[in-house]
Amino acid sequence: GLGGLIKIRGDPCWRGLTCMDFHYETQPVPNPMAYYLHRSPWWFHRFETLSNHFLELVVPFFLFLGRRMCVLHGTLQILFQVVLIVSGNLSFLNWLTIVPSLACFDDATLGPLFPSGPGSLKARVLALQQEDSHGAGPQPRLGCVVRRAANLALGVLVAWLSVPVVLNLLNDKQVMNASFSSLRIVNTYGAFGSITKERTEVILQGTASPNASAPDAVWEDYEFKCKPGDPRRRPCLISPYHYRLDWLMWFAAFQTYEHNEWIIHLAGRLLTNDPEALSLLALNPFSGRDPPRWVRGEHYRYKFSRPGGRHAAEGKWWVRKRIGPYFPAVGLRDLEDYFRAREWPSPRPPKHAV
């Protein structure tokens with residue numbers, strides 16, 4: 001519900017049913033299936049967007065319409081999350097969303113999944129239910145009473161903290177991904193309220209050349225574990241695992257390095273071949289040799305290659321075009337004042353390079 005309202009009130013492409021024309025290509029970390037789904041017919045993308053609105057804005061109310069509709073709600077929501085898992089690397093989010101949907105299925109629905117007969121689990125559960133319905137069960141103990149009281153108190157607390165969240169939900173200026181109390185127990189959430197229409201990437205490069213601006217300086221790319229880099233590398237498949245640095249690089253690409261100072265911190269670590277920083281990457285072009293003298297960030301525009309087209313025939317999953325510099329070439333001496341002003345530990349060159 002929250003995600004659906006964020007979408008319908010957010011990017012006009014959700015109302016125009018065109019968001020799925022872009023989503024597969026521009027999502028944070030695409031997977032191989034996204035490469036093919038991106039090329040689906042226009043009418044299929046319209047169907048996907050309409051289905052998303054139906055599942056996020058209408059289906060949640062099925063919970064209040066009786067047992068059968070509740071079961072239908074659980075089935076549709078689980079199928080929806082499975083589709084999202086198959087079509088993108090959205091970390092553990094969709095897997096967690098499946099868990100509360102399991103509560104929609106009662107014993108009568110799940111019963112056929114378990115064996116029947118004397119002594120079976122189903123028979124024992126049925127016997128316990130019959131005893132409880134006839135009052136034959138044991139009297140509640142003190143621990144049970146305390147637990148119920150604690151559950152009630154927690155329920156009242158959550159209801160009270162949910163008041164600003166519900167008010168935000170009803171507000172036409174709904175805020176996405178925000179907290180309304182210091183406890184952060186109840187928050188508002190919404191994903192993809194806005195859809196980026198083109199994909200840009202920050203490519204980190206290093207060179208051993210003493211002069212960063214020399215025409216003959218050879219710049220070598222660092223490769224991340226999952227985010228697009230080398231156009232010939234197949235999109236990864238990591239869900240439900242989550243590479244946080246790759247995800248942050250996606251955000252950094254449509255902002256500037258002034259909004260993401262941590263990327264300069266990362267560049268400083270790469271200038272020293274810092275093992276902790278390099279453990280977050282898939283490829284260090286300076287492995288086994290001296291660290292680079294300079295590191296820079298280059299800004300590229302990425303598009304999926306067309307299946308069966310010229311670029312795909314060359315083994316390229318992506319087609320990229322340079323936009324310009326993301327941040328200029330920096331060396332260790334350039335970063336001393338930058339790190340000191342932010343009270344960051346200065347990157348230290350390896351001992352053999354001192």
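Here we summarise the structure given alongside this text. Computed from a prediction, not measured in an experiment: that's the story for all the values here.

**Focus: the overall build of the protein chain**
Across its full length, the protein chain carries 16 helices and 8 strands. Relative to its length of 354 residues, the protein chain is extended, with a C-alpha radius of gyration of 26 Å against a globular reference of 20 Å. Each principal axis of the C-alpha distribution contributes one length, and for the protein chain these read about 85 × 50 × 50 Å. In the protein chain, buried positions account for 40% of the 354 residues. Counting contacts in the protein chain only where the partners sit at least 6 residues apart, residues at least 24 apart contribute 68% of the total. For the protein chain, the accessible area works out to roughly 20,800 Å², and carbon and sulfur atoms hold 63% of it. For the protein chain, the distance from the average site of its 39 positive side-chain charges to the average site of its 29 negative ones is 4 Å.

**A word on a nonpolar patch on the surface**
A grouping of Leu-110, Leu-113, Phe-114, Leu-121 and Val-125 is seen on the molecular surface, where their side chains present a nonpolar patch of about 440 Å² in accessible area. Locating Val-125 in the fold gives a position in helix 9 (residues 121–133).

**Remarks on the side chain of Glu-201**
Along the chain, Glu-201 turns up in strand 3 (residues 199–207). A relative accessible area of 1% means that Glu-201 is categorised as buried. Polar contacts involving the side chain of Glu-201 include one to the side chain of Arg-199, which spans 2.7 Å.

Here is what the cut-offs are and how they apply
- The residue numbering used here restarts from 1 in each chain and proceeds along that chain's sequence as written.
- Where local features are concerned, this predicted model is filtered to residues with pLDDT of at least 70; where side-chain atom pairs are given and counted, the filter is 80 or more; whole-chain, interface and lining totals use all residues.
- The basis for every side-chain value is the complete set of non-hydrogen atoms in the structure, without hydrogens or water.
- Helix and strand assignments follow DSSP, with helices taken as H or I runs no shorter than four residues and strands as E runs no shorter than two, numbered in order from the N terminus.
- The globule rule used here is 2.2 Å times the number of residues to the 0.38 power, and the radius of gyration it is set against is calculated over C-alpha atoms.
- The cut-offs for exposure are 20% and 50% of the maximum accessible area for each residue type, with area from a 1.4 Å probe on protein chains only; residues under the lower value are buried, those over the upper are exposed, and the others partly exposed.
- Any two residues whose heavy atoms approach within 4.5 Å are treated as being in contact.
- Every accessible area reported is derived by Shrake-Rupley at a probe size of 1.4 Å, with residue values counting cover from the shown protein chains alone.
- In this count, Lys and Arg are taken as positive residues and Asp and Glu as negative ones, while His and the chain termini are left out.
- We put the charge of a Lys on NZ, of an Arg on CZ, of an Asp on CG and of a Glu on CD.
- Here the term patch refers to residues with relative accessible area over 30% and no salt bridge, with like charges joined within 9 Å and nonpolar side chains (Val, Leu, Ile, Met, Phe, Trp, Tyr) within 5 Å.
- Only one rule defines a salt bridge in this text: a Lys or Arg side-chain nitrogen within 4 Å of an Asp or Glu carboxyl oxygen.
- Whenever a nitrogen or oxygen atom comes within 3.5 Å of another N or O atom, the pair is scored as a polar contact, on the condition that within protein one atom can donate a hydrogen and the other can accept it, and that pairs from neighbouring residues in sequence are kept only if both atoms are in side chains.

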